[in-house]
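Working through the structure, step by step
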Amino acid sequence: KCENFQRMGAFKFRGGYNALSRFTAKQREEGVLTFSSGNHAQAIALSSRILGMKATIIMPEDAPELKANATKAYGGNVIFYDRYKESRDEIAAEIQAKSGAHFIPPYDHKHVIAGQGTAGKELIEEALEYGHGQLDYLFLSIGGGSLISGCALAAEKLAPGCKVIGVEPEAGNDAQQSLEKGEIVHIE
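These remarks concern the structure in this document. (Residues numbered from 1 in each chain as written. Predicted model: local features only at pLDDT ≥ 70, side-chain atom pairs only at ≥ 80, totals over all residues. Heavy atoms only, no water.)

Here the focus is helix 1 (residues 12-21). An α-helix turns once every 3.6 residues. As a result, residues three or four positions apart point the same way. A large share of helix 1 lies buried, amounting to eight of its ten residues. Listed in full, the buried residues belonging to helix 1 are Lys12, Phe13, Arg14, Gly15, Gly16, Asn18, Ala19 and Leu20. The secondary structure elements touched by the buried residues of helix 1 are helix 2 (25-30), strand 1 (32-35), helix 3 (39-51), helix 6 (110-129) and helix 7 (146-158). (Buried < 20%, exposed > 50% of the residue type's maximum accessible area, 1.4 Å probe, protein only. Helix = DSSP H or I, 4+ residues; strand = E, 2+ residues; numbered from the N terminus. Contact = heavy atoms within 4.5 Å.)

A separate point is the packing of aromatic side chains. Summed over the entire model, instances satisfying the criterion amount to three aromatic pairs. Ring centres of Phe13 and Tyr17 lie 5.6 Å apart, and the angle between their planes is 25°; this geometry places the pair in the stacked category. Taken as a pair, Phe13 and Tyr17 lie in helix 1 at a separation of four residues, close to a single helical turn. Judged by its relative accessible area of 29%, Tyr17 falls in the partly exposed class. Seen from their ring centres, Phe35 and Phe103 are 5.0 Å apart, and the 50° between their planes marks the pair as tilted. Highlighted residues: Phe35 in strand 1 and Phe103 in strand 4 (residues 102-103), separated in sequence by 68 residues. (Phe/Tyr/Trp six-rings, centres within 6.5 Å; stacked < 30°, edge-to-face > 60°.)

Turning to the pattern of salt bridges, a few remarks are in order. By the definition in use, this model includes six salt bridges. In this structure, Arg83 and Asp62 form a salt bridge, with 3.0 Å as the shortest nitrogen-oxygen distance. Of this pair, Arg83 sits in the loop between strand 3 (77-81) and helix 5 (88-99) while Asp62 is found in the loop between strand 2 (55-60) and helix 4 (65-73), placing the two residues 21 residues apart along the sequence. By relative accessible area, Arg83 is classed as partly exposed at 39%. A salt bridge links Glu125 to Lys121, with the nearest nitrogen and oxygen atoms 2.8 Å apart. Residue Glu125 and its partner Lys121 are located together in helix 6, separated by four residues, close to a single helical turn. Within this structure, Glu3, Arg14 and Glu122 form a network of salt bridges that share partners. (Salt bridge = Lys/Arg side-chain N within 4 Å of Asp/Glu carboxyl O.)

Another aspect to go through is the layout of surface pockets. Approximately 1,600 Å³ is the volume found for the largest pocket. Residue lining of the largest pocket: 42 residues in total, with Arg88, Tyr107, Gly144, Asp174 and His186 positioned closest to the centre. When contributions to the lining of the largest pocket are tallied by element, the ones reaching two or more residues are helix 3, helix 7, strand 6 (163-167) and helix 8 (174-181). Along the lines of polarity and charge, the residues of the lining of the largest pocket split into 18 nonpolar, 16 polar and eight charged. Approximately 160 Å³ is the volume found for the second largest pocket. Contributing to the lining of the second largest pocket are Lys1, Glu3, Phe11, Ala119, Gly120, Leu123, Leu138, Phe139, Leu140, Ser141, Leu147 and Cys151. (1 Å grid on protein atoms, 1.4 Å probe; cavity = no way out; pocket = protein on both sides within 12 Å on 5 of 7 lines; lining within 4 Å. Points joined across faces, edges and corners; volume = space filled by probe spheres on them. Nonpolar A, V, L, I, M, F, W, Y, C, P; charged D, E, K, R; others polar.)

Right, here's the structure in full:
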């Protein structure tokens, strides 16, 4: 699917909006907090603007300028950090404790995963609608895991015979290494 035509240019809008749209009025008042170097940051900032809530985004200071500027333009309050000297998790915990904002991670969240899975759902439904039949394979980038997780859930329900295959660059194969080692591996 051409997710570059999605609002803000990436599939991340699906998960960000889905997660924030489930907030209660009180949660919306308290705002949202996340960390991201790009697309999730923009998705949360834009979704927050649409839903009328505050968004605080923790971004590494070496994040692409284009993505940082877009996040700010969507209304996100961007806080930069040095990824080599500071912990985004610690910064997020400190901000959350002070502000009461609700943390929505880029990938490890059921509503983010469900939102990203709508891309797979639509693809499977469109293949059937246009007479192409059931998908045999669905190749997805692994990245943080939300897209492949959501799409795998969609495929399991709507196209049980479809094989879901995760792909990642050889130089960034943290999922492969994690599977081989039996624990999460982070590539610096």
